[in-house]
Amino acid sequence: MTRSIPPGRDAWVDLGLIGAIPPGQGRCFRVAHSMIAVFHPRSGTLRALDAVCPHQAGRLCEGVLDQEKVLCPLHGFAFLLQTGEGSGHAHSVRSYEIRITSGRILVRIPVSPLEEGSLAAEKGEQHIQSLPATRKGPRRKWQPAARGKKR
Amino acid sequence: MRNEIAQSLVCPQERPRLIVVGAGMAAARLLEEMKAGGGLEQWNVTLIGEERSWPYNRILLSSIVQKSYKPKEILLQAPEWYRESGVRSLLGRRVERIDRAMGFVHTSDRSLPYDKLILATGSQPLLPPISDLQTAGGSLRPGVFVFRTVEDCRRIMDAAGNCRRAIVIGGGLLGLEAAYGLLAHGLSVHLVHLQGHLMEQQLDPTAGAVLQQAVERKGIVVHLRSETMAILGEGERVEGIRLKDGRTLSADLVIVAAGIRPNVSLAKSCGLPVGRGVMVDDRLSTPDPHIHAIGDCSEHRNQVYGLVGPAWEQAKTLADLLTGRNPEGRYPGSKIATRLKIAGIDLTVLGETEPKSLEDELVLYSEPNHGVYKKLLVRENRVAGAIILGDGSKGAELLSLFDLQTPLPPARANLLLGPLPGSGALQATAEADEQILCFCNGVKRGAIRQAVEGGCRSLWALGQTTRATTGCGSCKSSVAKLLEELLGAAPEEDPKAHYYVPGVPLPKADLVAEIRRRGLRSVSAVFRELAGGREDAASKPGLASLLKSLWKEQYEDERDARHTNDRVHANIQKDSSYSVVPRIYGGVVTPSELRRIADVAEKYKVPMVKITGGQRIDLLGIGKEELPAVWRDLGMPCGHAYTKAFRTCKTCVGTEFCRFGLGDSTSLGVALEKRFQGLETPAKVKMAVSGCPRNCAEATTKDLGAIAIESGWQLYVGGAAGSRVRAGDLLATVSDPEEVLRISERFLAYYGENARYAERSYHFVERIGIERLRSLLVEDAEGRGEELERQISQAISAYRDPWQEGEHPVEPGQFQAVKDLPMVEGVK
Ligand SMILES: Cc1cc2nc3c(=O)[nH]c(=O)nc-3n(C[C@H](O)[C@H](O)[C@H](O)COP(=O)(O)OP(=O)(O)OC[C@H]3O[C@@H](n4cnc5c(N)ncnc54)[C@H](O)[C@@H]3O)c2cc1C
Ligand code: HEM
Ligand code: SF4
Ligand code: FES
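Think of each chain on its own: its residues are numbered from 1, step by step along the sequence as written. To label them, take the chains in the order written and letter them from A, then take the ligands in the order written and number them from 1. Whole-chain, interface and lining totals are the exception, using all residues; otherwise, since this is a predicted model, local features are given only for residues with pLDDT of at least 70 and side-chain atom pairs are given and counted only at 80 or more. Side-chain metrics in this entry use all non-hydrogen atoms of the structure; hydrogen atoms and water are not considered.

**Student:** Would you take a moment to explain helix α6 (residues 173–184) of chain B for this structure?
**Tutor:** Because each turn of an α-helix spans 3.6 residues, side chains separated by three or four positions in sequence point in the same direction. Residues and elements named next belong to chain B. Runs of H or I in DSSP of at least four residues are treated as helices and runs of E of at least two as strands, each being numbered from the N terminus. Expected helix span is given by 1.5 Å per residue-to-residue step, counting one fewer step than there are residues. The first and last C-alpha atoms of α6 sit 17 Å apart over 12 residues, in line with the 16 Å expected at 1.5 Å per residue. In terms of burial, α6 is largely enclosed, as 10 of its 12 residues are buried. Burial classification: accessible surface area is computed with a 1.4 Å probe over protein chains only, and a residue below 20% of its type maximum counts as buried, one above 50% as exposed, and the rest as partly exposed. Within α6, burial applies to Leu-173, Gly-175, Leu-176, Glu-177, Ala-178, Ala-179, Tyr-180, Gly-181, Leu-182 and Leu-183. Where α6 ends, the next residue or the one after it, Gly-186, has phi of about 85 degrees, a positive value.

**Student:** Just checking my understanding: could you explain the site of ligand 3 for this structure?
**Tutor:** In the vicinity of ligand 3, the contacting residues are B:Cys652, B:Gly654, B:Cys658, B:Phe660, B:Gly661, B:Gly691, B:Cys692, B:Arg694, B:Asn695 and B:Cys696. Each residue is assigned to one class: nonpolar for Ala, Val, Leu, Ile, Met, Phe, Trp, Tyr, Cys and Pro, charged for Asp, Glu, Lys and Arg, and polar for all the others, Gly among them. Here the shell around ligand 3 is composed, by residue class, of five nonpolar, four polar and one charged. We call a residue near a molecule or strand when any one of its heavy atoms sits within 4 Å of it.

**Student:** Mind showing me how you'd approach the environment of B:Gly395 here?
**Tutor:** For B:Gly395, the location among the structural elements is in helix α10 (residues 392–404). The residues touching B:Gly395, leaving out its near neighbours within four places in the chain, are B:Arg339, B:Thr348 and B:Ile388. In what follows, a contact means two residues having at least one pair of non-hydrogen atoms within 4.5 Å.

**Student:** Please clarify how the pattern of salt bridges should be interpreted in this entry.
**Tutor:** When the charged atoms of two side chains with opposite charge come close together, those side chains can pair. Residues and elements named next belong to chain B. Salt bridges, as used here, are contacts in which a Lys or Arg side-chain nitrogen is within 4 Å of a carboxyl oxygen on Asp or Glu. Under the definition given, this model contains 58 salt bridges over all chains. The residue Asp-296 makes a salt bridge to Arg-148 at a minimum N-O spacing of 3.1 Å. With Asp-296 in the loop between β19 (291–293) and β20 (298–300) and Arg-148 in the loop between β9 (144–145) and α5 (150–160), the pair connects residues that are 148 residues apart, well separated along the chain. For the pair shown, Asp-296 and Arg-148 are each scored as buried.

**Student:** What should I look at first to understand the side chain of B:Arg647 in this one?
**Tutor:** Residue and element names in this part refer to chain B. Here Arg-647 lies in strand β32 (residues 646–651). Charged residues are defined here as Lys and Arg on the positive side and Asp and Glu on the negative side; His and the ends of the chain fall outside this count. Buried and unpaired, Arg-647 has Asp-566 as its nearest opposite-charge partner, separated by 8.4 Å. A distance of 3.0 Å separates a polar atom in the side chain of Arg-647 from the backbone oxygen of Thr-643. Excluding residues that lie within four positions of it along the chain, Arg-647 makes contacts with Arg-583, Arg-616, Gly-639, His-640, Ala-641, Tyr-642, Glu-673, Lys-684, Val-685 and Lys-686. In protein, a polar contact means a hydrogen-donor-capable atom and an acceptor-capable atom, both N or O and within 3.5 Å, with residues adjacent in sequence counting only if both atoms are side-chain atoms; elsewhere, any N or O pair within 3.5 Å suffices.

**Student:** What am I meant to see in the packing of helix α14 (residues 445–453) of chain B against helix α16 (residues 476–487) of chain B here?
**Tutor:** A pair of packed helices is characterised by two quantities: the angle between their axes and the separation of those axes. Residue and element names in this part refer to chain B. Where α14 meets α16, the axes come as close as 10 Å, and the angle between the chain directions of the two elements is 45 degrees. Judged by the inter-axis angle, α14 sits oblique to α16. Both α14 and α16 take part in a crossing whose hand is right-handed. Listed contacts from α16 to Arg-445, Ile-448, Arg-449 and Val-452 of α14 are Val-479, Leu-482, Leu-483, Glu-485, Leu-486 and Leu-487. Across the contact of α14 with α16, the residue classes tally to seven nonpolar, no polar and three charged. Only C-alpha atoms enter the line fits that serve as axes; for helices the fit covers just the stretch in contact. Angles between N-to-C directions range over 0 to 180 degrees. Any angle that falls under 35 degrees is termed roughly parallel, while one over 145 is termed roughly antiparallel, one within 65 to 115 roughly perpendicular, and all others oblique. Each crossing gets its handedness from the near helix: less than a right angle anticlockwise from the far helix is left-handed, clockwise is right-handed.

**Student:** What am I meant to see in the interface of chain B and chain A here?
**Tutor:** Reports often express the size of an interface as the amount of accessible area lost when the parts come together. Across the boundary between the two partners, chain B contributes 62 residues, which contact 58 residues of chain A. Note on definitions: buried area is the accessible-area loss of two parts on being combined, 1.4 Å probe, summed for both. Of the roughly 5100 Å² buried between chain B and chain A on both sides combined, carbon and sulfur atoms contribute 51%. One salt bridge in this structure joins B:Lys624 and A:Glu62, with 2.4 Å as the shortest N-O distance. At the junction of chain B with chain A, the criterion picks out 14 residue pairs in polar contact (both at pLDDT 80 or more). For the side of chain B that touches chain A, the elements supplying multiple residues, two or more each, are α6, β11 (188–192), α7 (205–218), β15 (248–250), α20 (564–568) and β31 (617–622) of chain B. Of the residues contributing to the side of chain B that touches chain A, the split by class is 19 nonpolar, 19 polar and 24 charged.

**Student:** Is there a simple way to think about empty space enclosed by the protein in this case?
**Tutor:** Rolling a probe over the atoms, with the probe sized like a water molecule, indicates the empty space that remains. Residue and element names in this part refer to chain A. Cavity means a closed set of points on a 1 Å grid over the protein atoms alone, one where a 1.4 Å probe fits but cannot get out, pocket means an open set with protein on both sides within 12 Å along at least 5 of 7 lines, and lining means a residue has an atom within 4 Å of a point. Grid points are joined across faces, edges and corners, and a volume is the space filled by probe spheres set on the points. Inspection of the entire model under this criterion finds four cavities of 30 Å³ or more. Counted as a void, the largest cavity has a volume near 120 Å³. Looking at the lining of the largest cavity, the element that brings in the most residues is strand β2 (residues 25–31), giving four residues. Partitioning the lining of the largest cavity into residue classes produces four nonpolar, six polar and five charged.

**Student:** Please clarify how the sheet that holds strand β16 (residues 253–256) of chain B should be interpreted in this entry.
**Tutor:** Within a sheet, adjacent strands bond to each other through the backbone by hydrogen bonds, running parallel or antiparallel. Residue and element names in this part refer to chain B. Taken together, five strands build an open sheet; the order of strands is β9-β16-β10-β11-β12 and the sheet is parallel. With partners counted over all chains shown, the strands left at the sheet margins are β9 and β12 (221–223), one partner each. The sheet contact formed by strand β10 (residues 165–169) and β16 spans four bridges and is parallel. The residue bridging Val-168 from the neighbouring strand is Ile-255, located in β16. The strands that α5 touches are β9 and β16; relative to β16, the one it contacts most, it runs at about 160 degrees. In short, DSSP must find at least two bridges between two strands for them to pair.

In structure tokens form, the structure reads like this:
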């Protein structure tokens, strides 16, 4: 279904029409192993960042944003739209080059980082694994200790 | 340094020989104290230290990790100081053995005779039994670190550059500081702690929990009651840790900060008595009169402090004895004060924090949601101990009351809140001059006053002259405040504290006036006209709420100003799924509704179905894309459990079934809920109605609660039983349930009009005062009653069930999945 990206050069990935992202909001796209959030600030250019918050995996595409930053919907950490740097905290996310051609959003996926990115995505999943209660996955529950047994 | 070694060997020894083992904080302080009071020159002094560095301020190591200091900047004295003071220094050398019979210490390559020997060997990190922590050779394996020396720091910083995820084992003072340091390096940090709360040595469980919230807000993930069993990974690489409960956490860097162990092996092997530390008496002497011990390695009256304050007091007493300045000098033990050095978290712990007898008074104040917890133990009218979290200036104030053991004023509450009575009058007195402000360096207020009178104008200059603020830095705010006071410059105030939202520089009243005057109906219009066109994400939801309440139907709704909860009308959960709570008026439900809920739960494989505290049913773990279908199948209205709005009205069964019932609580509850459903409010509003004063629906701890009595209904406002518990104030007693509805309308309208964004009713009622509310809303003293009722009717008539948007989404991708997304095609 998906064409693989030819190795050795950057790829511009078409994410569809700009009209799909209402002004002032973000939307999420899955490209290869990465989740990419594209933001459409009310003024200024479109921006693209990794969609998963490094804090506790909140989805940045769901956050409230302004011209400069987006706030993660879970705990409100701020990330600069241009660079992905954290503002007021030490986490950061990757940013991607983005351009509009005939009303379509193109995001540039640097190929070698993409390969790294797929690694990072795997790592990211490990990280998420250590968080409890992922939807419909097995939920790890606290269980009372068996009585009468010596500890 | 070579020269000095040579010197120490060739110089004939006329003066008695003093050897200090360990060139750490206690040692340096001892020498400083001996020099400052005169008498150092009586001794021929040799300082032997295992670390290569000149003595440095160990407690600033966390600042190195947090990037603000270079190793050179934390030296306690410049290297020349030791030479100029006639101290010979052997650095990078470890004392291997003490020969008490001969009076010699031996390093690997030297033997040096002594007349007096001071042990200041400090302590070392405790390594818990964790498998694969160490290599076969006994050193820590690569990727695992401890945090004690400047070398440790350098290794950590070298490694941190290539790491992304760190785990800190140990949730004490040191572990927290290490964790914060790593965070500042851009690592994601998990903190694993064995006990049930953080800093359990200093804090009670409540304080520990409040601290945890503050730490988690910084971004550190805390795992309590977690015992680390093993370090995972092959060879040179660390991949994570395994906990006793079987969980694994991944990481490429692990710091062990699980406590300290005094360095006692030297003392032990030469036959000196050793408990946890080297045992000393009040003269800081071991049973061998030629050997003393101070600092972390010593044990005095069963106490091993492991803190710098006691080490310095010991150094002072010992200096007095060695120089003959005060031959009667005795060390009575220290009053302990600890401070956590994490930017933005003020924590001071003093002395004892649990009462021992009935005479001990405990004064408590807590506001966990705001990171505030204050606990004070008073004994014989003096501060015996305290925990002060989230209030730096109170911490400093109590510290000095504790330190000076000043008798306390009778009004205990003032000790924790507000200004201390008489603190103004205190200022000019000699007693005030005695108040210690910088505890690291023991700098008193008087010294600062003199320095300012002598021309110090800046904090930096003050630090240079008095050493105040140059220790751990936690006194900076109080010293800066005093400096301003003494200089007579008006203290600057942060004007932002008074703004309605941070991004628009106007307090609420002015903001409302400007919005009305200019007719601003959308959030972007407000930014354009009142904030110079500069949007601020954090201000958007507050503005949206205000505009909606001001303009009602004329409000120009911009979706991007809403939190995601308000865009999709459900509550986002930690895994980015949503929770759905249908409205169940008054908590009274029909079998067919229950059946529909059950069907939906099965059809959509809802991971958890939960009865909420508000008598509702919560379907948790629903994907955003499933919301419209779930709503449709439920066929029930939205329960507004996700937003700042009227939430629920709990009821008890009342006269309908209850044999004690005095009023029809379910009917009133259902009526209240039907009237107010969907009403947006500055913060969430919860209600309850009880059918008699037994109050099964807990109406006295709701924002608005009604209780039936013989003659009618009591209406309470401003109650809460969340992070703060507050009993509601009785607003009115009425005979007719219609009246309950009417006064509730007035209250909600007035609250909507005058509360700050996110100000819960329990703050609001306290701020306005129940008497004023009663005269305004019940007695209608200003004749505004009807107008307020009208405002509410307008707002209510604008109500549409937001779940209708499931059928007619208002914008593209409103209910697009964010979790299991399809892959984008179309690679160019
Ligand atoms: C990161 C960090 C933060 C801290 N923060 C605080 C704080 O905020 N507040 C507080 O009160 N305390 C704090 N402490 C504790 C404080 O640093 C110690 O209490 C203090 O350093 C004790 O001084 P000392 O001279 O006894 O020991 P040290 O400063 O440890 O000095 C002992 C020295 O002796 C050397 N030595 C040991 N054995 C030998 C030997 N056989 N031969 C030669 N040399 C030897 C060691 O190498 C070391 O250099 C902190 C500690 C650390 C590590
Ligand atoms: C993300 C975490 C939480 C979620 C999603 C959540 C959700 C809910 C929901 C949906 C309700 C029902 C409210 C209603 O019916 O309107 C509720 C009620 C309640 N929650 Fe939570 N809650 C959370 C955290 C907490 C915490 C941390 C506390 C306490 C410290 C708390 C205390 C309560 C109480 C006391 C009620 C009952 C309210 C009442 O009786 O009216 N909740 N919660
Ligand atoms: S509050 Fe009174 S009426 Fe209601 S259930 Fe309890 S006892 Fe019965
Ligand atoms: S998950 Fe993003 S701020 Fe917590």
